[in-house]
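Chain by chain, the residues run as shown.
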Amino acid sequence: IIDREEKGSNMWAVATIFQCNIFQIISDRWGDVPYSESMKLMDGIAQPSYDKQSDIYPDLLKKLASAVAALDENGDDLGPGDVMLNGDISLWKKYGNALSIKIAARIANVDATDAQAVFSSISVDDLPSGNDENIFFEAWGNEYGEPWADYYQVRKLEYGISKLMVETLTSLDDPRLPVYAEPTANYLNGKSDIPYVGYQNGLKANANTAANSPIGARFQNKNGLTGFTPWLRSCEPYFAIAYAAGKGWNVGMTQKAAYEKAVTLSLEENGIDEAGIAAYLAGPGAFAGPAER
């Protein structure tokens, strides 16, 4: 689409934003990766060179800035093929801005000047404000099955929650734990008094499925292929803003306000009620103070 559409069109812009998100995830996972020469097999490049992560992120920020600036609510119609955001140009803008904030946080300790410029240039008003603006792909059942749900049908004993996640959330009495994980079979059968147990990442042996917690039902539909793939949650840019505020940067929010908004959005997304959110933010999830995080 990027190659075929006119540069500056809405179609070109949304394809660019989505491509930037994909490369951000790839570089987050593996660091230095093929980037500038990737996807050029038709140009005769079968073995693309690797780009440094320190070059990839700044280039993604430039592309995102161009794409967001090009988006025009009076421009070309994205049509019914926009299965991500239903042709909502204003939400695509927020998607691009939130992704820029997320990437800027990645380079904050490597290229503080560029990172700070991104945080200063994007207003909080131009970011997703609630979970109704999460950037999720909603699966369509059997036609376009949600990957986790698809895997669960045939490999349901191979997935579980990590030990680090379970122990961290348990130590904080975090109300999201019962959403992220299910009680172990041993607990449900009365063979253990510990409901949630994680598996140590990286072990060679297979997990003892009866002794470890499966992934929560919200993330694995056990009775079908519906579900969602989260590309960018609304809470993410606010965690990044809290991080930047801890550096003393001008980000339009105090560190405490950004942190509490991020936590609130995450808790709300996972079905925690208002009383539970208030209790968490007043208790184990309380803001720790104006320190760099």
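Because the structure is a prediction, the values reported are computed rather than measured. (Residues numbered from 1 in each chain as written. Predicted model: local features only at pLDDT ≥ 70, side-chain atom pairs only at ≥ 80, totals over all residues. Heavy atoms only, no water.)

A closer look at the pattern of salt bridges
Here is step 1 of the chain: In this structure the tally under the stated criterion is 8 salt bridges.
Here is step 2 of the chain: Note that E269 and R218 form a salt bridge whose closest N and O atoms lie 3.0 Å from each other. Highlighted residues: E269 in helix α10 (residues 255-269) and R218 in the loop between α8 (185-188) and β4 (228-232), separated in sequence by 51 residues.
Here is step 3 of the chain: Salt-bridge contacts for E269 lead to R233; the nearest nitrogen and oxygen are separated by 2.9 Å. Taken together, the residues E269 in helix α10 and R233 in the loop between β4 and α9 (235-245) connect sequence positions 36 residues apart.
Here is step 4 of the chain: By relative accessible area, which is 10% here, E269 ends up buried.
Here is step 5 of the chain: Residues participating in the shared-partner salt-bridge network are R218, R233 and E269. (Salt bridge = Lys/Arg side-chain N within 4 Å of Asp/Glu carboxyl O. Helix = DSSP H or I, 4+ residues; strand = E, 2+ residues; numbered from the N terminus. Buried < 20%, exposed > 50% of the residue type's maximum accessible area, 1.4 Å probe, protein only.)

Considering the nonpolar core
Here is step 1 of the chain: Counting residues in each nonpolar core, the largest one holds 61 residues, and the members touching the most others are I17, L60, W92, Y95, I101, F119 and I241.
Here is step 2 of the chain: Looking at this core, the elements that each hand over two or more residues are α1 (10-30), α2 (53-70), α3 (89-106), α4 (112-121), β3 (135-138), α9, α10 and α11 (274-282).
Here is step 3 of the chain: Sort the elements by how many residues they give to this core and α3 lands first, with 10 residues.
Here is step 4 of the chain: Counting residues in hydrophobic clusters, the runner-up holds 12 residues, among them L169, L177, I215 and F219. (Core = buried A, V, L, I, M, F, W, Y, C linked by side-chain atoms within 4.5 Å.)

So, the packing of aromatic side chains
Describing an aromatic ring pair means giving the distance of the ring centres and the angle of the ring planes.
Here is step 1 of the chain: Summed over the entire model, instances satisfying the criterion amount to 8 aromatic pairs.
Here is step 2 of the chain: Relative to F228, the ring of F219 lies with its centre 6.1 Å away and its plane at 55 degrees, an arrangement referred to as tilted.
Here is step 3 of the chain: Accessibility expressed as a relative area gives 12% for F228, which makes it buried.
Here is step 4 of the chain: Taken together through their ring pairs, the aromatic side chains of F136, Y180, F219 and F228 make up a single cluster.
Here is step 5 of the chain: For the cation-ring pair, K261 lies above Y238, with the distance from its terminal atom to the ring centre recorded as 5.1 Å. (Phe/Tyr/Trp six-rings, centres within 6.5 Å; stacked < 30°, edge-to-face > 60°. Lys NZ or Arg CZ within 6 Å of the ring centre and 35° of its normal.)

Quick word on unusual backbone geometry
Here is step 1 of the chain: Although it is not a glycine, M39 adopts a positive phi angle of roughly 60 degrees.
Here is step 2 of the chain: Here M39 lies in the loop between β1 (33-34) and β2 (50-51).
Here is step 3 of the chain: Judged by its relative accessible area of 64%, M39 falls in the exposed class.
Here is step 4 of the chain: Its identity is not glycine, yet D173 carries a phi of approximately 50 degrees, on the positive side.
Here is step 5 of the chain: If you trace the backbone, D173 turns up in the loop between α6 (163-171) and α7 (177-180).
Here is step 6 of the chain: For D173, a relative accessible area of 61% translates into the label exposed.

Quick word on the environment of Y50
Here is step 1 of the chain: Position of Y50 relative to the elements: it lies in strand β2.
Here is step 2 of the chain: When its relative accessible area of 62% is taken as the criterion, Y50 is described as exposed.
Here is step 3 of the chain: Along the backbone, Y50 and D32 are 18 residues apart, and their C-alpha atoms lie at a distance of 6.1 Å.
Here is step 4 of the chain: Excluding anything up to four places from it in sequence, Y50 contacts D32, V33 and P34. (Contact = heavy atoms within 4.5 Å.)

Re the packing of α10 against α11
Here is step 1 of the chain: Remark: α10 packs on α11, axes separated minimally by 10 Å, with the N-to-C direction vectors making an angle of 140 degrees. On the basis of the axis angle, α10 is oblique to α11. Note that α10 runs across α11; the crossing there is right-handed. Counted together, Y259, E260, V263, T264, L267 and E268 of α10 and I277, Y280 and L281 of α11 form the full contact between these two elements.
Here is step 2 of the chain: Partitioning the contact of α10 with α11 into residue classes produces 6 nonpolar, 1 polar and 2 charged. (Axes fitted to C-alpha atoms, helices over the stretch in contact; angles between N-to-C directions. Parallel < 35°, antiparallel > 145°, perpendicular 65-115°, else oblique. Left-handed = near helix turned anticlockwise from the far one by under 90°. Nonpolar A, V, L, I, M, F, W, Y, C, P; charged D, E, K, R; others polar.)

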